[in-house]
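Descriptive structure summary
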Amino acid sequence: MNPIRSVRPVLLPGPRCLLREWADSDAEPLHALTNQPQVVDRMLDEQPPSLDEVHAVLPAWREAAGAEPRLAYHLAAAEDGLVGLGTLTVTSPAHRRGEIGYVVHPDHWGKGLGTALADLLLRLAFEQVGLHRVEATTRPDHAASWRVLEKVGMRREGLSRDHLFVRGGWWDSVRYAVLATDR
Ligand SMILES: CC(C)(COP(=O)(O)OP(=O)(O)OC[C@H]1O[C@@H](n2cnc3c(N)ncnc32)[C@H](O)[C@@H]1OP(=O)(O)O)[C@@H](O)C(=O)NCCC(=O)NCCS
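It should be emphasised that the depicted structure is a prediction, and the values quoted were computed from it without experimental measurement.

Let's shift gears to the packing of helix 1 (residues 27-34) against helix 3 (residues 51-65). For any two helices packed against each other, one specifies the crossing angle of their axes together with the interaxial distance. Where helix 1 meets helix 3, the closest approach of the two axes is 9 Å, and the angle between their N-to-C directions is 120°. As summarised for this structure, helix 1 and helix 3 are arranged oblique, according to the angle between their axes. Both helix 1 and helix 3 take part in a crossing whose hand is right-handed. On helix 3, the residues that touch Ala27, Leu30 and His31 of helix 1 are Leu51, Val54, His55 and Leu58. Looking at the contact of helix 1 with helix 3 residue by residue, the class counts come to five nonpolar, two polar and no charged.

Before going further, it helps to spend a moment on the environment of leucine 30. On the secondary structure map, leucine 30 appears in helix 1. The exposure class assigned to leucine 30 is buried, which follows from the 21 C-beta atoms found within 10 Å. For the pair leucine 30 and histidine 163, spaced 133 residues apart in the sequence, the C-alpha separation amounts to 27 Å. Beyond its immediate stretch of four places on either side in the chain, leucine 30 contacts Val54 and Leu82.

Here the focus is the site of the ligand. The immediate surroundings of the ligand are formed by 19 residues, with Arg42, Gly114, Thr115, Ala144 and Arg147 found nearest. Looking at the shell around the ligand, the elements with two or more residues in it are strand 5 (97-104), helix 4 (113-129) and helix 5 (143-151). Per-class residue counts for the shell around the ligand are nine nonpolar, seven polar and three charged.

Right, let's talk about the environment of proline 106 for a bit. Position of proline 106 relative to the elements: it lies in the loop between strand 5 and helix 4. C-alpha of proline 106 to C-alpha of glutamine 47: the two residues are 59 residues apart in sequence and 18 Å apart in space. Proline 106 has contacts with Gln36, Gln38 and Val39, leaving out every residue within four places of it along the chain.

So, how was this worked out
Residues numbered from 1 in each chain as written. Predicted model: local features only at pLDDT ≥ 70, side-chain atom pairs only at ≥ 80, totals over all residues. Axes fitted to C-alpha atoms, helices over the stretch in contact; angles between N-to-C directions. Helix = DSSP H or I, 4+ residues; strand = E, 2+ residues; numbered from the N terminus. Parallel < 35°, antiparallel > 145°, perpendicular 65-115°, else oblique. Left-handed = near helix turned anticlockwise from the far one by under 90°. Contact = placed C-beta atoms within 7 Å. Nonpolar A, V, L, I, M, F, W, Y, C, P; charged D, E, K, R; others polar. Buried ≥ 20, exposed ≤ 12 C-beta atoms within 10 Å, placed from the backbone. Near = placed C-beta within 6 Å.

Right, here's the structure in full:
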């Protein structure tokens, strides 16, 4: 038996936003979000996705959501419309370990949404999927992101030098984690 649960569909309401699965009608807002220059700067991709690539990725995410066990949670964060996205990746089912990532549309920065979104991802990870340890990575200069992680109870565990090779240069990463028993 698998030590983790496959949650689908995800529909997780929170005080600031709702975490849900993607719909085809999200393609244009998702394209707009992932092409914001302040977001592009923080992403690992060589270049931001085209609208065609966004249309192609939504069915791929749906297919990944059907895997058993489900290891990839690509989720939309919605208020009235799309305000961000969140990911939970189960990196090791056997060790009940996963990793989170999040993006908030720059129009909504500084209003607590990033913190609310990360908190929902941790609720999904611990209360629904049944993970024991959740990790996150951010850049040492990215105060908004490491503040989000600290506000949801994640602890800084160290610095990984030259951890990622992004657009022709090496990026250091600060590594955060939280355990189910910490919460
Ligand atoms: C990181 C990100 C999600 C933060 O979202 P947000 O909705 O602005 O976050 P919050 O409003 O919950 O703010 C969280 C904390 O960060 C602080 N903060 C926000 N912007 C900041 C900035 N530019 N510099 C320093 N601190 C900042 C806030 O003041 C708050 O801390 P406080 O409560 O102690 O004051 C958002 O900036 C983002 O989506 N960036 C692009 C994508 C990205 O970088 N994702 C993470 C990759 S590791």
